[in-house]
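# Reading the structure
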Amino acid sequence: MSEQGAHLSVVATADGWTVEGEIDAHSADSLAKALSQLPNVPKIVADFAGVTFMDSSGLRVLVDAAMQATDAGKTFAIANPQVAIRRVVEISGLSGLLHFID
Amino acid sequence: MSLQRPSGERGSVSLVSDFETYDDGVDVIVPLNPRFASMLRTVTASFGADTGFSIDEIDDFKLALTEAFSMLIVGHGGNRARASFAVTAAAMSVRLSLESGDDLDVEPDELALAILRAVVDSYEIGNVAITLTKRATETSLLGG
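Quick look at the pattern of salt bridges now. Where charged atoms of side chains with opposite charge meet at close range, the side chains can pair. Applying the stated rule across the entire model yields ten salt bridges over all chains. Between Glu22 of chain A and Arg41 of chain B there is a salt bridge, with its nearest N and O atoms 2.7 Å apart. Of this pair, Glu22 of chain A sits in strand β3 (residues 16-23) while Arg41 of chain B is found in helix α1 (residues 37-50), placing the two residues in two different chains. One salt bridge connects Asp60 of chain B with Arg87 of chain A, and the closest N-O pair in it is separated by 2.8 Å. Residue Asp60 of chain B is found in helix α2 (residues 55-76), and its partner Arg87 of chain A is found in helix α3 (residues 83-91); the two belong to separate chains. Residue class for Arg87 of chain A comes out partly exposed when judged on its relative accessible area of 30%. One salt-bridge network, held together by shared partners, links Glu22 and Asp24 of chain A together with Arg41 of chain B.

Structure follows, in structure tokens:
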């Protein structure tokens, strides 16, 4: 299953999703729709290697997904984030909720 | 340079660059619709690169402008915004307002404000405009 917006692509993988493009108010709904269905694995991974931009609307989607995963007894991690993505999470004070793996 | 479509055309975009009139600035007029945020980021990237800002500084400014643009959309979606970019030797700024010049109805949330505080040197959410200013570091001005 995949979601595709004007400048965002979300493709489901065995343990999560591969996300590419820019996440803003225009594309966040597509991301939210894709991430609303958590995969049935204990460790969920969103591969962000191809994400070049994310604003607060994207952060809200990721926080919702992480909290949903926690409620389901799963972990949620963002893999391979670019510097700009890592920075927006850190400056927003959400590092405690959104974990990175490289 | 001037690219102008009829102002009443739905979804139309106006880009005006007149170095004499705008004192080395650029005005971009876009519909207050989320899909036009990426266009403002593109202008920011081009403008910042031309003025010697580092990639990280330009990324910060793109993020701030996107947050400010989203604030305007919440209260004024369907209207048109004017983004006035200006640059000096040491700073880049943008003034985001309604094309009509009407007062703003903006209620930013804490997450957006936290981002603004972190990525620009100053911001002001005024009655008629949101203004963002980012100063270049000495390193970027030296091309390092």
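Still to come is the rest of the account.
Looking now at α2 of chain B. Residues and elements named next belong to chain B. With 22 residues, α2 extends 31 Å from end C-alpha to end C-alpha; this agrees with the ideal 32 Å at 1.5 Å per step. When you tally the buried positions in α2, you get 17 out of 22 residues, the bulk of the element. Backbone geometry just after α2 places Gly78 at a positive phi near 100°.

So, about helix α2 (residues 56-71) of chain A. All names here are of chain A. Look at α2: 22 Å from first C-alpha to last across 16 residues, which is about the 22 Å you get at 1.5 Å a residue. Within the span of α2, buried status applies to Ser56, Ser57, Gly58, Leu59, Val61, Leu62, Val63, Ala65, Ala66 and Ala69. Just downstream of α2 lies Gly73, where phi reads positive at about 80°.

Contacts between the two partners involve 18 residues from chain B and, on the opposite side, 17 residues from chain A. In this assembly, chain B packs against chain A so that about 1,300 Å² is buried in total across both faces, 59% of it on carbon and sulfur atoms. Area buried by chain B at its contact with chain A is led by Arg41, Leu63 and Leu111 of chain B, which between them contribute 34% of it. The tally of links between chain B and chain A comes to four salt bridges. The closest approach of N and O atoms between Asp109 of chain B and Arg60 of chain A, which form a salt bridge, is 2.1 Å. Along the contact surface separating chain B from chain A lie five residue pairs in polar contact (both at pLDDT 80 or more). Of all the elements in the fold, those that place two or more residues in the side of chain B that touches chain A are α1, α2 and α3 (110-119) of chain B. Across the side of chain B that touches chain A, the residue classes break down as eight nonpolar, three polar and seven charged.

Turning our eyes to something else, we now look at the packing of α3 of chain A against α3 of chain B. Here α3 of chain A crosses α3 of chain B at 115°, and the two axes come no closer than 9 Å. In this structure, α3 of chain A crosses over α3 of chain B, and the sense of that crossing is right-handed. Mapping the contact onto sequence places Arg87, Val88 and Ile91 of chain A in α3 of chain A and Ala114, Ile115, Ala118 and Val119 of chain B in α3 of chain B. Tallied by class, residues from the contact of α3 of chain A with α3 of chain B come to six nonpolar, no polar and one charged.

Rules behind the numbers
- Residues numbered from 1 in each chain as written.
- Chains lettered and ligands numbered in written order.
- Predicted model: local features only at pLDDT ≥ 70, side-chain atom pairs only at ≥ 80, totals over all residues.
- Heavy atoms only, no water.
- Salt bridge = Lys/Arg side-chain N within 4 Å of Asp/Glu carboxyl O.
- Helix = DSSP H or I, 4+ residues; strand = E, 2+ residues; numbered from the N terminus.
- Buried < 20%, exposed > 50% of the residue type's maximum accessible area, 1.4 Å probe, protein only.
- Expected span 1.5 Å × (residues − 1).
- Contact = heavy atoms within 4.5 Å.
- Buried area = accessible area lost by both parts, 1.4 Å probe.
- Polar contact = N/O pair within 3.5 Å; in protein donor to acceptor, adjacent residues only side chain to side chain.
- Nonpolar A, V, L, I, M, F, W, Y, C, P; charged D, E, K, R; others polar.
- Axes fitted to C-alpha atoms, helices over the stretch in contact; angles between N-to-C directions.
- Left-handed = near helix turned anticlockwise from the far one by under 90°.

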